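# Close look at the chain arrangement
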Amino acid sequence: QCSHRIPRELFRALVITGCFGLSLLVPNVGLLAAFAGSFGGASLALIIPPLLDIYLSKSRPFYIVCFHYIIVIFGIIGAICGTGLSIYDMVEAFA
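A brief report on the enclosed structure follows. (Residues numbered from 1 in each chain as written. Predicted model: local features only at pLDDT ≥ 70, side-chain atom pairs only at ≥ 80, totals over all residues. Heavy atoms only, no water.)

### Examining the pattern of salt bridges
- On inspection of all chains with the given rule, the structure shows two salt bridges.
- Put simply, Arg-12 and Glu-9 hold a salt bridge, and the shortest N to O gap is 3.5 Å. Linking Arg-12 with Glu-9, this pair stays in helix α1 (residues 2-25), spanning three residues, or about one helical turn.
- Here Arg-60 and Asp-53 are joined by a salt bridge, their closest N and O atoms 3.0 Å apart. (Salt bridge = Lys/Arg side-chain N within 4 Å of Asp/Glu carboxyl O. Helix = DSSP H or I, 4+ residues; strand = E, 2+ residues; numbered from the N terminus.)

### Remarks on a nonpolar patch on the surface
- A grouping of Leu-44, Ile-48, Leu-52, Tyr-55 and Leu-56 is seen on the molecular surface, where their side chains present a nonpolar patch of about 570 Å² in accessible area.
- With respect to the helices and strands, Leu-44 occurs in helix α2 (residues 29-56).
- On the basis of relative accessible area, Leu-44 is assigned to the exposed category, the value being 63%. (Patch = residues over 30% accessible without salt bridge, like charges linked within 9 Å, V, L, I, M, F, W, Y side chains within 5 Å. Areas by Shrake-Rupley, 256 points an atom, 1.4 Å probe, with all protein chains shown as cover. Buried < 20%, exposed > 50% of the residue type's maximum accessible area, 1.4 Å probe, protein only.)

### Regarding the environment of Ala-34
- Note that Ala-34 resides in helix α2.
- A C-alpha to C-alpha distance of 8.5 Å links Ala-34 and Gly-82, two positions 48 residues apart in sequence.

### Brief notes about the side chain of Thr-83
- Relative to the helices and strands, Thr-83 resides in helix α3 (residues 62-94).
- One polar contact links the side chain of Thr-83 to the main-chain carbonyl oxygen of Ala-79, over a distance of 2.7 Å.
- Leaving out residues up to four positions away in the same chain, Thr-83 has contacts with Phe-35, Ser-38 and Phe-39. (Polar contact = N/O pair within 3.5 Å; in protein donor to acceptor, adjacent residues only side chain to side chain. Contact = heavy atoms within 4.5 Å.)

### Things to note about the side chain of Ser-43
- Locating Ser-43 in the fold gives a position in helix α2.
- Look at Ser-43 and you get buried, because its relative accessible area is 12%.
- Only 3.0 Å separates the side chain of Ser-43 from the backbone oxygen of Gly-40, close enough to count as a polar contact.
- Discounting chain neighbours no more than four positions away, the residues touching Ser-43 are Ile-48 and Pro-49.

This is the structure in structure tokens:
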């Protein structure tokens with residue numbers, strides 16, 4: 001049990017140190033959170049679930065599969081637009 005504890009504690013220390021270093025490097029953490037959330041939120045909410053449903057359910061009607069692909073396309077467009085706007089906001093904040 002003790003041998004498994006050392007890597008876990010080392011991993012925690014590295015994550016905390018990395019977060020601390022990132023907070024020192026990035027003066028506006030809100031912009032960084034918006035950047036991460038723009039792609040992560042779109043992929044978690046709109047891209048991954050329909051693709052998993054298409055992959056795992058082989059006997060879906062054609063119109064449901066088409067609807068899932070429309071949702072995925074909408075998610076990709078939202079992720080691209082959100083990421084682009086986040087990058088634009090970062091450039092404006094530091095320019």
